[in-house]
Amino acid sequence: MSDKKNENGISRREFLTKGALGSFLVAMGGATVGGFALPKPTVSPGPSRRYKLGDPGKFPVGTAMKMDKENIFLFRDVEGFYAITAVCTHLGCIVVRVDDGFACPCHGSRFAPDGHVVEGPAPRGLLWLEVSRTPDGGVMVDADVEVDLGTKLVV
Ligand code: FES
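Report follows, based on the coordinates. (Residues numbered from 1 in each chain as written. Predicted model: local features only at pLDDT ≥ 70, side-chain atom pairs only at ≥ 80, totals over all residues. Heavy atoms only, no water.)

Below, the discussion takes up unusual backbone geometry. With an omega of 20°, the peptide bond running from Gly 120 to Pro 121 counts as cis. Counting through the fold element by element, Pro 121 comes out in the loop between strand S8 (117-119) and strand S9 (128-133). One non-glycine residue, Asn 71, lies in positive phi territory at about 55°. Its place among the elements puts Asn 71 in the loop between strand S2 (64-67) and strand S3 (72-77). The exposure class assigned to Asn 71 is partly exposed, which follows from its relative accessible area of 21%. (Helix = DSSP H or I, 4+ residues; strand = E, 2+ residues; numbered from the N terminus. Buried < 20%, exposed > 50% of the residue type's maximum accessible area, 1.4 Å probe, protein only.)

A separate point is the nonpolar core. Judged by nonpolar contacts, the single largest core of 15 residues is most densely connected at Ile 84, Val 95, Phe 102 and Phe 111. Of all the elements in the fold, those that place two or more residues in this core are S3 and strand S4 (80-85). Residues in contact with Val 95, not counting those within four places in the same chain, are Phe 73, Ala 86, Cys 88, Phe 102, Ala 103, Cys 104, Pro 105, Phe 111 and Leu 126. By size, the runner-up hydrophobic cluster in this structure holds 13 residues, among which are Ile 72, Ala 83, Val 139 and Ala 143. (Core = buried A, V, L, I, M, F, W, Y, C linked by side-chain atoms within 4.5 Å. Contact = heavy atoms within 4.5 Å.)

Pairing within the open sheet is antiparallel, and its four strands lie in the order S5-S6-S7-S8. Strand pairing shows two members of the sheet lacking a second neighbour, strand S5 (96-98) and S8, which therefore form its edges. Here strand S7 (residues 110-111) pairs with S8 via two bridges, running antiparallel. For Phe 111, the partnering residue across the bridge sits in S8 and is Val 117. (Pairing = 2+ DSSP bridges.)

Applying the stated rule across the entire model yields one disulfide. In this model Cys 93 forms its disulfide with Cys 106; the gap between the sulfur atoms is 1.9 Å. Where Cys 93 bonds to Cys 106 through sulfur, the torsion about that S-S bond is close to -95°, and the disulfide is left-handed. With Cys 93 in the loop between S4 and S5 and Cys 106 in the loop between strand S6 (101-103) and S7, this pair connects stretches of sequence that are 13 residues apart. (Disulfide = S-S within 2.5 Å.)

Among the six residues that make up S4, six are buried, leaving the element largely enclosed by the rest of the structure. Taken together, the six bridges between S3 and S4 define a ladder with antiparallel strand orientation. Across the sheet, Ile 72 pairs through a bridge with Thr 85, a residue of S4. With antiparallel pairing between neighbouring strands as the criterion, S3 and S4 make up a hairpin whose turn holds two residues. Here two bridges tie S4 to S9, and the two strands are oriented antiparallel to one another. For Ile 84, the partnering residue across the bridge sits in S9 and is Trp 128.

Dropping the structure here:
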């Protein structure tokens, strides 16, 4: 088989070989650059969901308040502080306090005052969130830390 060369002295076979080699090198370069990007997280962590509330003395026994922006209910009874999320465990609507606990306006779930489900479709009770002391003696709610139902911060 003859290997004709064009006016630049390159045969069709040489042209295709060089083209294939060039494509291979470009693909390997792209894979290498992509490989360096892999170890880095592509999703950056969100802002902290620790809420410092300050001096516990600001919250007398009997406190029952909603932290509106954070969608958290904060309570203080004779045993201590506790926090319950206002986010419904069904599809994430915000529950409201009612006389006998909490109610979800979206699909009718009802929760007891301690957050356990009284009526579905919510699959589980409202989450209890960690309440702790800050180094300066204040009270803090961490919305990223779930605690067992009934866990209270004794002050
Ligand atoms: S989101 Fe609360 S019952 Fe559906």
